[in-house]
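# Working through the structure, step by step
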Amino acid sequence: MNKVFIIAEIAQAHDGSLGIAHSYIDALAKTGVDAIKFQTHIAEAESSMFEPFRVNFSYEDKSRYEYWSRMEFTLEQWKGLKQHCDEVGLEFISSPFSCTAVDLLEEVGVKRYKIGSGELNNYLMLQKIAQTGKPIILSSGMSDYEELKQTIQFLKPFKNELSLLQCTTAYPTKAEEWGLNEIHKLKEKFNIPIGFSDHSASIVAPLAATAMGASILEFHVVFHKDLFGPDAKASVTIEETKELVKGVRAIETSLHSDFSKVETNKFDDLKIMFGKSLSVNKDLKKGSILTMTDLESKKPGNKGISAKDFQSVIGKELLVDLKQWDFLNKENIA
């Protein structure tokens, strides 16, 4: 069976600390996720002094540009993170936000690219990525159907393996904003693998998305939801990630099992044990005419007349005396 590809996104949860970034790799390697995703920001190539804060969360950065600068790692540091991922069996992924970042990630050696929803109209960068020939995962967060259609049409001639994530750009996302209903719609519209990118801060939405056929899951992970950073409150913890992965794999097993309601012979003994047969709930004399108020249903299910056939005895005459709780048999009635 094709397993759901599970991506734990760190993004900027490392807060610019290389040591913390490596700590996330070690922690997530024990959760069962398939990949860990960072974001590669190169302030000079990506941002400017005019970029406003998305969330005014920072006590140490005077501008968004300064924040991106503080999130940067060198090429060698990125290579070290990638090597660490290789060593613990996690795929290293990082979303680029500039053509310069794509060049850097090519040197690092990524296997695939995840494109944030804010970059879906960045055709300059998308063409550079498409020309690598590597798989591309697109996030639908801020895009309507028409934008998605245009971006996919732009990329298709390059023949990359494309997939699309249902995503809502809200942090954290409320249940009415998850958009689980979009998973089937996007499959029908674009005929490519559809996944789910989550910002709900719980494991419920990703589990539901798995049950609805999502082939990729992506969600933010943080050591603690009160930590500094723009995505912390929309993230799940390491322990929650373990539960999420366990749940996803269980749902997969269920969805791909050959369990069937057609063949139930193995339950025959249990059906007798838990089944019910008709009895009388009071002493009754020969000649009594049975009514519904005379009847009870008692285990097991093989002691005469089945409780499902109670209507067939109503109005019938007793041929023998019966004591309270005696089972009712066909030989007892006329």
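The structure displayed is predicted, hence computed values, not measured ones.

## Considerations on the overall build of the chain
Looking only at helices and strands, the chain has 11 helices and 10 strands in total. For a compact globule of 334 residues, the expected C-alpha radius of gyration is about 20 Å, and the chain comes in at 31 Å, more than 25% above that figure. Its C-alpha atoms give the chain principal-axis dimensions of about 100 × 40 × 35 Å. Of the charged side chains in the chain, 40 are positive and 47 negative, and the gap between their average positions amounts to 8 Å.

## As for the domain arrangement of the chain
What the domain assignment reports for the chain is domain 1 (5-256) and domain 2 (265-332). Computed over C-alpha atoms, the centres of domain 1 and domain 2 are 64 Å apart.

## Comments concerning the packing of aromatic side chains
Inspection of the entire model under this criterion finds eight aromatic pairs. A ring pair is formed by Tyr 67 and Trp 68, whose centres lie 5.3 Å apart and whose planes are at 50°; its orientation type is tilted. A ring pair is formed by Phe 73 and Trp 78, whose centres lie 5.2 Å apart and whose planes are at 75°; its orientation type is edge-to-face. Each member of the pair Phe 73 and Trp 78 is classed as buried. Grouped by ring-pair contacts, the aromatic residues Phe 38, Phe 73, Trp 78 and Phe 92 constitute a single cluster. Lying across the ring of Phe 5, Arg 112 places its NZ or CZ 4.4 Å from the centre. The ring of Tyr 145 has Lys 189 sitting right over it, with the charged end atom 4.3 Å from the ring centre.

## Some remarks on the pairing of strand β9 (residues 277-280)
Neither face of β9 is open: one carries Ser 277 and Ser 279, the other Leu 278 and Val 280, and all of them are buried. As paired elements, β9 and strand β10 (residues 295-298) share four bridges and run antiparallel to each other. Across the sheet, residue Leu 278 finds its bridge partner in β10, namely Ser 297.

## Considering the pattern of salt bridges
As enumerated under the stated definition, the model contains 16 salt bridges in all. Residues Lys 128 and Asp 103 are paired through a salt bridge, measuring 3.0 Å at the closest nitrogen-oxygen approach. Of the two residues, Lys 128 is situated in helix α6 (residues 123-130) and Asp 103 in helix α5 (residues 99-108); the sequence distance between them amounts to 25 residues. Each of the salt bridges in this network shares a partner with another, and the network as a whole consists of Asp 34, Arg 249 and Glu 252.

## A short note on the environment of Thr 291
Of note, Thr 291 is situated in the loop between β9 and β10. Spatially, the C-alpha atom of Thr 291 lies 8.3 Å from that of Lys 316, the residues being 25 residues apart in sequence. Here the side chain of Thr 291 touches Thr 293 through a polar contact of 2.8 Å, side chain to side chain.

## Re the sheet that holds strand β6 (residues 162-167)
The eight strands lie next to each other as β3-β2-β1-β8-β7-β6-β5-β4, forming an open sheet whose pairing is parallel. Only two strands of the sheet have a single neighbouring strand rather than two, namely β3 (91-96) and β4 (113-115). Neighbouring strand axes in the sheet, compared pairwise and without regard to direction, differ in orientation by 25° on average. With three bridges joining them, strand β7 (residues 194-198) and strand β8 (residues 216-220) adopt parallel strand pairing. By the bridge assignment for β8, Phe 196 is matched with Leu 217. Helix-sheet contacts for α5 involve β2 (35-40), β3 and β4, and the interaxial angle to β3 is about 165°.

## Focus: the side chain of Ser 95
The residue Ser 95 is located in strand β3 in this model. Of note is the side chain of Ser 95, whose polar atom sits 2.8 Å from the side chain of Lys 37. Apart from residues lying up to four places away in sequence, Ser 95 is in contact with Lys 37, Phe 38, Gln 39, Thr 40, Leu 105 and Lys 114.

## Description of helix α1 (residues 18-28)
Every buried residue of α1 is accounted for by Ala 21, Tyr 24, Ile 25, Ala 27 and Leu 28. Check the buried side of α1 and you find it contacts β1 (5-11), β2, α4 (75-88) and α10 (238-255).

## Side note on the nonpolar core
Leu 28, Ile 36, Phe 92, Ile 115 and Leu 164 are the most contacted members of the largest nonpolar core, which has 62 residues in total. What Leu 164 contacts, discounting residues up to four positions off in sequence, is Leu 138, Ser 139, Ser 140, Leu 148, Ile 152, Leu 186, Phe 190, Ile 192, Pro 193, Ile 194 and Gly 195. Judged by nonpolar contacts, the second largest core, of 11 residues, contains Leu 290, Ile 305, Leu 322 and Leu 328.

## Observations regarding the UniProt feature "domain: AFP-like" (unreviewed entry) in the chain
According to UniProt, the "domain: AFP-like" (unreviewed entry) feature falls on residues 277-334. Its end C-alpha atoms 18 Å apart, residues 277-334 is made of 0% helix and 14% strand.

## Things to note about the packing of α5 against α6
It is the contact of α5 with α6, at a shortest axis distance of 9 Å, that shows an interaxial angle of 20°. Relative to α6, the element α5 lies roughly parallel. Considering the relative orientation of α5 and α6, their crossing is right-handed. In this structure, α5 contributes Cys 99, Val 102 and Asp 103 to the contact, and α6 contributes Leu 124, Met 125, Lys 128 and Ile 129. Grouping the amino acids of the contact of α5 with α6 by side-chain chemistry returns five nonpolar, no polar and two charged.

The rules behind these values
- Residues numbered from 1 in each chain as written.
- Predicted model: local features only at pLDDT ≥ 70, side-chain atom pairs only at ≥ 80, totals over all residues.
- Heavy atoms only, no water.
- Helix = DSSP H or I, 4+ residues; strand = E, 2+ residues; numbered from the N terminus.
- Rg over C-alpha atoms; globule rule 2.2 N^0.38 Å.
- Lys, Arg positive; Asp, Glu negative; His and termini not counted.
- Charge placed at Lys NZ, Arg CZ, Asp CG, Glu CD.
- Domains from an automatic or database assignment.
- Phe/Tyr/Trp six-rings, centres within 6.5 Å; stacked < 30°, edge-to-face > 60°.
- Buried < 20%, exposed > 50% of the residue type's maximum accessible area, 1.4 Å probe, protein only.
- Lys NZ or Arg CZ within 6 Å of the ring centre and 35° of its normal.
- Pairing = 2+ DSSP bridges.
- Salt bridge = Lys/Arg side-chain N within 4 Å of Asp/Glu carboxyl O.
- Polar contact = N/O pair within 3.5 Å; in protein donor to acceptor, adjacent residues only side chain to side chain.
- Axes fitted to C-alpha atoms, helices over the stretch in contact; angles between N-to-C directions.
- Contact = heavy atoms within 4.5 Å.
- Core = buried A, V, L, I, M, F, W, Y, C linked by side-chain atoms within 4.5 Å.
- UniProt positions renumbered as here; feature names shortened; annotations may be inferred.
- Parallel < 35°, antiparallel > 145°, perpendicular 65-115°, else oblique.
- Left-handed = near helix turned anticlockwise from the far one by under 90°.
- Nonpolar A, V, L, I, M, F, W, Y, C, P; charged D, E, K, R; others polar.

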